[in-house]
Amino acid sequence: MEHRCSKCGKKKDNVHITETDPIVHTPRKRVVEEVEVVIIPEVHPIETVVKRKKIYRHVHHYPEKVIIEEDQEVENVACHDQQRTRRPRQGWDWFL
């Protein structure tokens with residue numbers, strides 16, 4: 001009786017090849033990581049309020065002007081005979 005190989009199909013003498021049900025082993029686990037980057041634009045608005053204040057400070061100056069008014073009087077004195085005999089005054093003596 002001739003047998004053919006179940007794999008290659010060739011004739012073989014004195015070889016008996018039979019096939020059995022396959023043996024199923026527990027699966028080996030292989031982890032493949034895939035990364036997907038999803039960009040989500042997030043807007044954070046900032047509102048800045050600048051409050052300006054102007055102060056007008058009035059600084060008052062009071063410059064003083066001094067005016068001196070002077071009155072002048074002129075006196076005419078008539079000389080009498082008695083005063084002619086006195087010696088003439090000198091310096092500030094005439095004021096006294």
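Residues numbered from 1 in each chain as written. Predicted model: local features only at pLDDT ≥ 70, side-chain atom pairs only at ≥ 80, totals over all residues. Heavy atoms only, no water.

A few points about the overall build of the protein chain
Stage number 1. Scanning the protein chain from N- to C-terminus turns up one helix and two strands.
Stage number 2. Ordering the α and β elements of the protein chain from the N terminus gives β-β-α.
Stage number 3. Counting across all 96 residues of the protein chain, residues that qualify as buried make up 1%.
Stage number 4. A total of about 12,500 Å² of accessible surface is found on the protein chain, and carbon and sulfur atoms cover 52% of it. (Helix = DSSP H or I, 4+ residues; strand = E, 2+ residues; numbered from the N terminus. Buried < 20%, exposed > 50% of the residue type's maximum accessible area, 1.4 Å probe, protein only. Areas by Shrake-Rupley, 256 points an atom, 1.4 Å probe, with all protein chains shown as cover.)

Remarks on the confidence of the model for the protein chain
Stage number 1. Averaged over every residue, the pLDDT of the protein chain is 82; the share at 70 or more is 66%.
Stage number 2. Here helix α1 (residues 81-84) stands out as the least confident element of the protein chain, with mean pLDDT 56; strand β2 (residues 11-12) is the most confident, with 63. (pLDDT = per-residue confidence, 0-100.)

Topic: a negative patch on the surface
Stage number 1. A cluster of acidic residues, Glu 69, Glu 70, Asp 71, Glu 73 and Glu 75, forms a negative patch at the surface.
Stage number 2. Checked against the element boundaries, Glu 73 lands in the loop between β2 and α1. (Patch = residues over 30% accessible without salt bridge, like charges linked within 9 Å, V, L, I, M, F, W, Y side chains within 5 Å. Salt bridge = Lys/Arg side-chain N within 4 Å of Asp/Glu carboxyl O. Lys, Arg positive; Asp, Glu negative; His and termini not counted. Charge placed at Lys NZ, Arg CZ, Asp CG, Glu CD.)

Describing a nonpolar patch on the surface
Stage number 1. Where nonpolar side chains cluster on the molecular surface, the patch consists of Val 35, Val 37 and Ile 39 and spans about 390 Å² of accessible area.
Stage number 2. Inspection of the secondary structure puts Val 37 in the loop between β2 and α1.

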